[in-house]
Amino acid sequence: MTVLVDRQTKKGPWVDQLKGRTLIEWVEDRTPGDSRLEMCIQCGTCGGSCPSGQDMDHTPRQLFAMLRAELEEEVLNSNTPWFCVSCYLCTVRCPQEVKITDIMYTIKTLAVADPRTHANTARDFSETFIGYVDRFGRSFEFGLASRHALSHMPNSVQGVMELGLGLLTQRRMDLTPTKIKNLPQLSKILHRAKELEAEL
Amino acid sequence: MKYLFYPGCSMEKSAIPYLMSLKAIEDKLSMELVELEDWNCCGATEYSAVNRIASHALVGRNLAIAESMSAESHTLVAPCSACYLNLSKTDHYLQEDRIFKARIDDALAAGDMSYTPGSIEVRHALDVIYNEIGLEKIKANVVKPLKGLRVAAYYGCMIVRPDLHGYYDSHEYPMILEELLEALGAEVIDFPMKTHCCSGHMTQISGETAYELIRRLIYGATRYEADLMVTLCPMCQLNIDAYQSEANRYFKTDYVMPILYFTQLIGLAFGIDAKDLGIGQEFVDPRPALAKIDVEVDEAPAATKKRRVKEEGLPMPQMPGKNGGGD
């Protein structure tokens, strides 16, 4: 994999967005609160605590070392943040109180915004999910599950259908989405928020 | 006591039994849940993976609605762990980070809304029932103790972690659900997996990852001879209940571990009819477990219903020498 930013000149597609910041500073700036990313001492408590760590390309510790080494393309194409299950075990165990789970979210948003990253199932799931939230103001389990299953799990569509049928017969799923009343208000808020995000 | 109430999307769909049972015990616990007007989705664990500011602005709208209704109550109760965490996290960061607050204020202003950080106290339903209503009140309403029912108290992750407001005494080994279940008369087993992950949305992303996390939990509960698991989160319930057969298929195991909401068990101990608590809508049949406390559920869960097949229906190939098929 090529590193697109020249370390001496900092020339590359990132240079405008980084605005003279290191990659670590850039991630910190985009994470609400004090993420404490620069405090990582590479102890590995995070990876050792992670329930899905065995399926990750890199442990959180490795990923943070890669951030420090400015390996942006490798970081953004790592499956690590997408395999984070948001259990916050690493966050509460980290001796340096690095907000690891929050940082994983930030890295996901950076990957989504970057045209060089590869699509993946997790990312498509998130984007389909928020598509429904943007359109209705509510999540829509039936639409999400069926659309996602058809495009990403063609081999297990039967299992998904059985599950969906079970939820329907147990009166635990609706075929139509629920829409909030003041959707225009929510749309304005989200639109403005996305504009602000683009400026970061 | 009045509380503002944020049900969240799941409570109206896959977790309807949770909502039904919470509503069914509301009066007996002297709670009045006032639902937020025109609330929107909390974004779950998905919105913040795509748009960071928007994910918090999304939650900010709900907090702003709560503040506009604060004449009713300053405490906002969320029964879903993910909703609870998203609401409390946004409120926390708005108090901690002024630059972040300015951005959220700006976004909310586009919808003519505003929120004063810290003006609403976000609490999980379990926390409110345990700490505000209290065990004495619960015990006073128990008419049908859950005697002889062995339960595994399962918290999942997001209620006790990261616990930004410090409501829980432990991130990994809390005890309040156990105390509550004991107050109902149940026999609470030791369950070291109680705050381990149910796999969250991984069932939709990587089955292998998800089924292993589900397996660990049902293995743990089975090993300690629980009759059923007790949860407080719609996502945990869905994963353990609806994906248990998938996990069994994947690992070629045959675990049968039902999982119910803590509000359903409170309701049963209060003598409320199982049907009114949404019991009977599970994938993994809880009836054998509930029979131990003489609870009858009319409806058989659809997924465990046996298809009627005539014994002599189709001719099956037989191996010579077996079942009298040869000599």
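In this text, all values refer to a predicted model and were calculated from it rather than measured experimentally. (Residues numbered from 1 in each chain as written. Chains lettered and ligands numbered in written order. Predicted model: local features only at pLDDT ≥ 70, side-chain atom pairs only at ≥ 80, totals over all residues. Heavy atoms only, no water.)

### Section: the packing of aromatic side chains
And then number 1: Under the counting rule described, the total for this entry stands at 11 aromatic pairs over all chains.
And then number 2: Taking the centre distance of 5.3 Å and the plane angle of 85 degrees together, the rings of Tyr132 of chain A and Phe140 of chain A count as edge-to-face. Of the two residues, Tyr132 of chain A and Phe140 of chain A, neither departs from the other in class, the shared state being buried.
And then number 3: Plain terms: the ring middles of Tyr93 of chain B and Phe100 of chain B are 6.5 Å apart, the flat faces sit at 85 degrees to each other, and that makes the pair edge-to-face.
And then number 4: Taken together through their ring pairs, the aromatic side chains of Tyr132, Phe136, Phe140 and Phe142 of chain A make up a single cluster.
And then number 5: Between Arg123 of chain B and the ring centre of Tyr167 of chain B, over which it is positioned, the NZ or CZ distance is 4.5 Å. (Phe/Tyr/Trp six-rings, centres within 6.5 Å; stacked < 30°, edge-to-face > 60°. Buried < 20%, exposed > 50% of the residue type's maximum accessible area, 1.4 Å probe, protein only. Lys NZ or Arg CZ within 6 Å of the ring centre and 35° of its normal.)

### Focus: the interface of chain A and chain B
And then number 1: Opposite the 68 residues of chain A that make contact, chain B presents 73 residues.
And then number 2: Counting each side, the surface lost to burial between chain A and chain B is near 6200 Å², with a carbon and sulfur contribution of 59%.
And then number 3: At the surface where chain A touches chain B, the tally comes to 7 salt bridges.
And then number 4: With a shortest N-O distance of 3.8 Å, Arg249 of chain B and Glu162 of chain A are connected by a salt bridge.
And then number 5: For the pair chain A and chain B, the number of links is 33 residue pairs in polar contact (both at pLDDT 80 or more).
And then number 6: Elements that contribute at least two residues to the side of chain A that touches chain B include exactly helix H6 (80–83), helix H7 (89–93), helix H8 (100–113), helix H9 (121–136), helix H10 (141–152), helix H11 (157–169) and helix H12 (183–199) of chain A.
And then number 7: Of the residues forming the side of chain A that touches chain B, the biggest block, 10 residues, is contributed by H12 of chain A.
And then number 8: A class-by-class count of the residues in the side of chain A that touches chain B yields 27 nonpolar, 20 polar and 21 charged. (Contact = heavy atoms within 4.5 Å. Buried area = accessible area lost by both parts, 1.4 Å probe. Salt bridge = Lys/Arg side-chain N within 4 Å of Asp/Glu carboxyl O. Polar contact = N/O pair within 3.5 Å; in protein donor to acceptor, adjacent residues only side chain to side chain. Helix = DSSP H or I, 4+ residues; strand = E, 2+ residues; numbered from the N terminus. Nonpolar A, V, L, I, M, F, W, Y, C, P; charged D, E, K, R; others polar.)

### A look at the state of the cysteines
And then number 1: On inspection of all chains with the given rule, the structure shows 0 disulfides over all chains.
And then number 2: Sulfur of Cys236 of chain B: no disulfide; nearest cysteine sulfur belongs to Cys233 of chain B and is 3.8 Å away. (Disulfide = S-S within 2.5 Å.)

### What to know about unusual backbone geometry
And then number 1: The amide bond that connects Arg161 of chain B to the next residue, Pro162 of chain B, takes the cis arrangement and shows omega of -5 degrees.
And then number 2: With respect to the element layout, Pro162 of chain B can be found in the loop between strand S5 (150–153) and helix H9 (176–183).
And then number 3: Positive phi, normally seen in glycine, also occurs at Glu70 of chain A, with a value near 60 degrees.
And then number 4: Assignment of secondary structure puts Glu70 of chain A in the loop between helix H4 (60–68) and helix H5 (72–77).
And then number 5: Even without a glycine there, the phi angle at Ala44 of chain B is positive, about 50 degrees.
And then number 6: Note that Ala44 of chain B resides in the loop between strand S2 (32–35) and helix H3 (47–50).

### What to know about the domain arrangement of chain B
Residue and element names in this part refer to chain B.
And then number 1: Under the domain assignment, chain B is made up of domain 1 (2–125) and domain 2 (142–304).
And then number 2: Just the C-alpha atoms count here: the centres of domain 1 and domain 2 sit 25 Å apart.
And then number 3: On the domain 2 side, the residues contacting the 32 residues of domain 1 number 27 residues.
And then number 4: The tally of links from domain 1 across to domain 2 stands at 0 salt bridges.
And then number 5: Connecting domain 1 to domain 2 are 5 residue pairs in polar contact (both at pLDDT 80 or more).
And then number 6: For the side of domain 1 that touches domain 2, the secondary-structure elements that each account for two or more residues are helix H1 (9–12), helix H2 (16–26), helix H5 (81–96) and strand S4 (121–124).
And then number 7: Per element, the largest residue contribution to the side of domain 1 that touches domain 2 is 9 residues, and it comes from H5.
And then number 8: Residue composition of the side of domain 1 that touches domain 2, by class: 17 nonpolar, 9 polar and 6 charged. (Domains from an automatic or database assignment.)

### Focus: the sheet that holds S5 of chain B
Residue and element names in this part refer to chain B.
And then number 1: On the basis of which strands lie adjacent, the open sheet formed by 4 strands has the order S6-S5-S7-S8 and parallel pairing. Each end of this open sheet is capped by a strand with a single partner; those strands are strand S6 (187–188) and strand S8 (259–261).
And then number 2: Bridge analysis of strand S7 (residues 228–231) against S8 gives 3 bridges, and the strand direction is parallel. Looking across to S8, one finds that Met229 is bridged to Ile259. (Pairing = 2+ DSSP bridges.)

### Description of the domain arrangement of chain A
When the parts come together, some accessible area is lost, and that loss is often what is quoted as the size of the interface.
Residue and element names in this part refer to chain A.
And then number 1: Assigned domains of chain A: these are domain 1 (15–113) and domain 2 (121–199).
And then number 2: Distance between the C-alpha centres of domain 1 and domain 2: 27 Å.
And then number 3: In this assembly, 6 residues from domain 1 lie in contact with 6 residues from domain 2.
And then number 4: Ranking the residues of domain 1 by area buried against domain 2 places Arg30, Trp82 and Val112 at the top, with a combined share of 74%.
And then number 5: For the interface between domain 1 and domain 2, the tally reads 1 salt bridge.
And then number 6: Between Glu197 and Arg30 there is a salt bridge; the shortest N-O distance is 3.8 Å.
And then number 7: In this assembly, domain 1 and domain 2 are joined by 0 residue pairs in polar contact (both at pLDDT 80 or more).
And then number 8: Residues belonging to the side of domain 1 that touches domain 2 are distributed by class as follows: 3 nonpolar, 1 polar and 2 charged.

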